[in-house]
Structure formats: structure tokens, C-alpha cells
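Survey of secondary and tertiary structure
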Amino acid sequence: MNRSIRIAALGAFAAGLAFPAIAQSVKVTPLGGFDGEFCALDRALVFEDPNGTRLLYDPGFTVLGADDPRLGKIDAMLITHMHGDHVGSGHAKAMNAGACEKPDTSVSDVPMTNAVAIAIAKKAKIVTGSDMPAFFAAKLRTNGGAPANSLNARFGSTITVGGVRITTVTAMHSNGVDPDLIGGDLGKAMKEAGIWGDVGLATGYVLRFSNGLVAYLSGDTGITADQELVVRNHYNAKLAVINIGGYLSSGPVEAAYIINDLVKPASVIASHANEAATSGGKVRPGSKTEAFIKATKVPVHIPFSGKTMEFDGNGKCTAGC
Ligand SMILES: [Zn+2]
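Residues numbered from 1 in each chain as written. Predicted model: local features only at pLDDT ≥ 70, side-chain atom pairs only at ≥ 80, totals over all residues. Heavy atoms only, no water.

Pairing in this open sheet of seven strands is mixed, and the strands run S11-S12-S15-S16-S17-S18-S21 from one edge to the other. Single-partner strands in this sheet number two, and they are strand S11 (159-161) and strand S21 (300-301). Where strand S15 (residues 203-208) and strand S16 (residues 214-217) come together, four bridges link them in antiparallel fashion. Bridge assignment links Leu207 to a residue of S16, and that residue is Ala215. (Pairing = 2+ DSSP bridges. Helix = DSSP H or I, 4+ residues; strand = E, 2+ residues; numbered from the N terminus.)

The structure is reproduced here in C-alpha cells:
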């Protein structure tokens with residue numbers, strides 16, 4: 001090895017030692033409906049692995065369709081269940097449309113869904129558990145996408161997309177398919193009968209990124225024993241994203257118990273508040289979000305739309321929180 005190559009090699013080695021945290025963080029960017037705020041229908045988060053793989057979690061109503069410039073490259077979509085506020089039975093026509101407590105959802109996405117439209121445009125995988133993969137494969141096929149892009153990560157199994165390991169975990173919640181998302185004569189007949197389609201159980205996710213970070217995404221759920229037995233004891237999640245809205249799933253008190261006593265992560269991102277949680281970029285006094293922060297023992301990070309947070313392999317926020 002000649003002298004200049006040796007010096008270059010040493011320099012690269014030293015740089016690697018000096019800046020491992022910068023190179024190795026997972027970036028989490030909320031795609032909410034209102035710039036810099038945390039609003040009632042905000043669910044969507046983009047997770048970016050240090051290796052560049054990007055996953056979109058529950059696009060819901062606030063991602064402005066496949067053309068939303070905030071999306072960039074998307075490698076895989078994670079859909080916890082079929083309800084319209086997660087799969088996206090519609091979406092807002094623009095950023096900051098409507099009010100933070102009652103966002104605009106005026107662009108209809110039935111029967112295709114916002115999630116499937118994004119997946120087709122981005123040529124992204126859709127990774128779901130339970131019996132949802134067959135439903136998404138059919139949606140992809142009938143809308144000109146590739147059904148093989150719908151992948152199954154059913155309870156207990158793990159698949160890898162772009163170096164990120166993905167599995168699904170229990171979420172105690174319903175998961176009926178709105179007849180409007182089925183469409184046609186069948187959808188019409190089901191709507192008249194008041195029957196929703198069956199695609200199995202709702203789920204949460206556990207993700208393991210290439211920097212070692214394990215993240216638990218709760219989906220809509222109440223308190224379950226699996227949050228301790230599976231999410232903490234087996235997967236050892238260090239970052240949690242937990243739904244706190246208290247409307248048809250855990251509220252702030254239940255969510256705080258899940259974090260403090262069952263999952264025990266290093267930090268938590270509040271989600272799915274079903275309220276105008278912030279105003280002017282500050283948590284509103286008397287909000288459910290404030291109650292959750294007060295009741296929780298680990299750092300609570302607020303998903304301000306458009307503001308990227310970075311997490312190290314131990315679940316500690318290193319930037320943007
Ligand atoms: Zn929901």
C-alpha cells in the first residue's frame with residue numbers, strides 16, 4: 001500500500017469512528033395534513049433506513065395522493081387495517097385544507113384507496129399481515145399494478161424489504177372492508193345488508209432497521225398482553241409509535257400504560273390523536289396529547305408534519321425532536 005492510499009484509508013476509518021450516529025440514524029418524517037402541526041387525521045409516517053430504504057406507514061387521508069411531493073421514493077407501504085383513515089378512502093385536495101380539528105378529505109379514493117394508488121405509482125410493495133395481502137393483490141391487479149407486489153408478513157413470520165425486517169403483531173381492533181372499497185354489485189348488496197368484508201385481523205408492525213433499531217407501530221389497538229410478551233420480551237422494541245386518540249381504540253391513559261408498563265421503549269412518537277393536538281407548533285393545553293405526555297415516563301415525540309426526527313439504534317432521538 002503506498003503512502004497516499006494508506007492515508008486515505010486511515011482517514012475514511014477515522015471518519016467512520018467519528019460520525020457513526022449521523023450515518024446510522026433512522027429518519028422518521030410525518031406526512032400530516034397541516035405544515036408543522038399534529039392534527040386530527042394525521043397517521044402517515046415515512047421511515048427511512050440508513051441504507052435509503054423508505055417505508056410509508058398508513059397513508060390515510062393526509063397524503064395528497066401519489067403525486068404528493070413529500071413522498072419521494074417509496075419502497076414499501078405498511079397498512080395496519082382497512083379502515084378509511086388508514087388505507088385512505090379519500091384524501092385532502094391540498095396541504096392545510098380544512099381545519100386541524102376537521103381536515104379536508106374531499107378527494108374520493110373509493111374503491112381503489114389512496115394506499116393502492118400510491119403503491120402503483122411508486123411501484124412499491126404493500127406489506128400486510130392477516131388476510132389482507134389477497135385483497136391488496138386483487139386491487140393492484142384490477143388497477144394496472146403488479147399483484148406480486150402485495151407481500152404477506154403474517155404473525156410470527158418476517159420478511160425483508162431493502163434490508164428492513166418487517167413483521168406484524170397483534171392489534172385488537174376490527175378490520176371490516178367498507179363495501180364502498182369493494183364496489184360493484186357485490187359492494188352494493190353488502191352495503192344494503194349492512195355487512196362489511198372480511199380480510200382477517202387488524203395488525204400492528206415491528207420493524208428492524210439496519211442500524212439495529214427495533215420499532216413498534218401499534219396501529220389501532222387496545223391494551224393487549226402481546227405488547228409485553230411479544231413486542232417487548234421477544235422483539236425488544238426501543239421506539240414505539242402509539243395511537244392515543246381514544247376514539248374506538250386506546251386513549252391517552254391506556255396508551256401511557258402500554259408504554260410505561262408493557263412495551264417500555266426508550267422513546268415514543270404519539271400518533272392518531274383525533275384532535276387538533278397542536279397550534280402554532282405547540283401542544284394545546286388540555287389536549288389528549290398533553291395528557292399522554294404527562295402520563296408517560298419516557299420522552300414523547302410529537303409528529304409535527306414535515307419535521308424529520310432521527311433515531312439511533314437504541315431508540316434515542318438524535319435530531320429533529
Ligand atoms: Zn384509526
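For a metal with four donors in a tetrahedral arrangement, the ideal angle between donors is 109.5 degrees, while six donors in an octahedron ideally sit at 90 or 180 degrees. The coordination sphere of the zinc ion, as far as protein atoms go, consists of Asp85 (OD), His86 (NE2), Asp220 (OD) and His272 (NE2), spread over 2.1 to 2.4 Å. With four donor atoms in place around the zinc ion and angles of 90 to 165° between them, the coordination shape is irregular. For the zinc ion, the single-chain donor residues occur in sequence as D-H-x133-D-x51-H. On the criterion of sequence distance, the pair formed by His86 in helix H3 (residues 84-88) and His272 in the loop between strand S18 (267-271) and strand S19 (278-279) is long-range, its members being 186 residues apart. Per residue, the accessibility class of His86 equals that of His272, and both read buried. (Donors = N, O, S within 2.8 Å, 3.2 Å for Na, K, Ca; no water. Tetrahedral: all angles 85-135°; square planar, octahedral: opposite > 155°, others 65-115°. Buried < 20%, exposed > 50% of the residue type's maximum accessible area, 1.4 Å probe, protein only.)

A word on the pattern of salt bridges. Applying the stated criterion across every chain, the model contains nine salt bridges. As a salt-bridge pair, Arg70 and Asp68 come within 2.8 Å of each other at their nearest N and O atoms. The partly exposed category is assigned to Arg70, whose relative accessible area is 22%. For Asp68, a relative accessible area of 3% puts it in the buried group. A salt bridge links Glu228 to Arg232; the nearest nitrogen and oxygen atoms lie 3.6 Å apart. A residue pair is termed a helical-turn pair when its members lie 3 or 4 positions apart in one helix, as Glu228 and Arg232 do in helix H8 (residues 226-232) at four residues. On the basis of relative accessible area, Glu228 is assigned to the partly exposed category, the value being 31%. Note on Arg232: relative accessible area 22%, which makes it partly exposed. (Salt bridge = Lys/Arg side-chain N within 4 Å of Asp/Glu carboxyl O.)

This part is about the packing of aromatic side chains. A complete count under the given rule lists two aromatic pairs for this structure. Consider the rings of Phe47 and Phe209, whose centres lie 6.0 Å apart with planes at 25°: the pair is stacked. Taken as a pair, Phe47 in strand S2 (residues 45-48) and Phe209 in the loop between S15 and S16 lie far apart in primary sequence, 162 residues in all. Classification of Phe47 as buried rests on a relative accessible area of 0%. (Phe/Tyr/Trp six-rings, centres within 6.5 Å; stacked < 30°, edge-to-face > 60°.)

Packing of helix H9 (residues 252-263) against helix H10 (residues 288-295) leaves a shortest axis separation of 9 Å and a crossing angle of 30°. Between H9 and H10, the crossing angle belongs to the class labelled roughly parallel. H10 is crossed by H9, and the crossing has right-handed handedness. Note on element contacts: H10 touches H9 through Lys288, Ala291, Phe292 and Ala295, opposite Pro252, Ala255, Ala256, Ile259 and Asn260. Residues of the contact of H9 with H10, tallied by class, amount to seven nonpolar, one polar and one charged. (Axes fitted to C-alpha atoms, helices over the stretch in contact; angles between N-to-C directions. Parallel < 35°, antiparallel > 145°, perpendicular 65-115°, else oblique. Left-handed = near helix turned anticlockwise from the far one by under 90°. Contact = heavy atoms within 4.5 Å. Nonpolar A, V, L, I, M, F, W, Y, C, P; charged D, E, K, R; others polar.)

This paragraph deals with unusual backbone geometry. Cis geometry marks the peptide bond from Val110 to Pro111, where omega comes out at 0°. Turning to its location among the elements, Pro111 is positioned in the loop between strand S8 (107-108) and helix H4 (114-122). Here His272, not a glycine, exhibits a phi torsion of approximately 55°, which is positive.

Moving on, we get to the packing of H4 against helix H5 (residues 132-142). Interhelical geometry of H4 versus H5 gives an angle of 60° and a closest axis separation of 10 Å. With respect to their mutual orientation, H4 and H5 come out oblique. For the pair H4 and H5, the crossing hand works out as right-handed. The residues of H5 that touch H4, namely those facing Val116, Ala119 and Ile120, are Phe136, Lys139 and Leu140. Here the contact of H4 with H5 is built from residues that sort into five nonpolar, no polar and one charged.

What follows is about the side chain of Asn175. Looking at where Asn175 falls in the secondary structure, it is placed in the loop between strand S12 (164-170) and strand S13 (176-177). Within polar-contact distance, the side chain of Asn175 engages the backbone oxygen of Gly200 at 3.1 Å. Separated by 3.3 Å, the side chain of Asn175 and the backbone oxygen of Leu201 make a polar contact. What Asn175 contacts, discounting residues up to four positions off in sequence, is His81, Met82, His83, Met132, Gly197, Val199, Gly200, Leu201 and Ala202. (Polar contact = N/O pair within 3.5 Å; in protein donor to acceptor, adjacent residues only side chain to side chain.)

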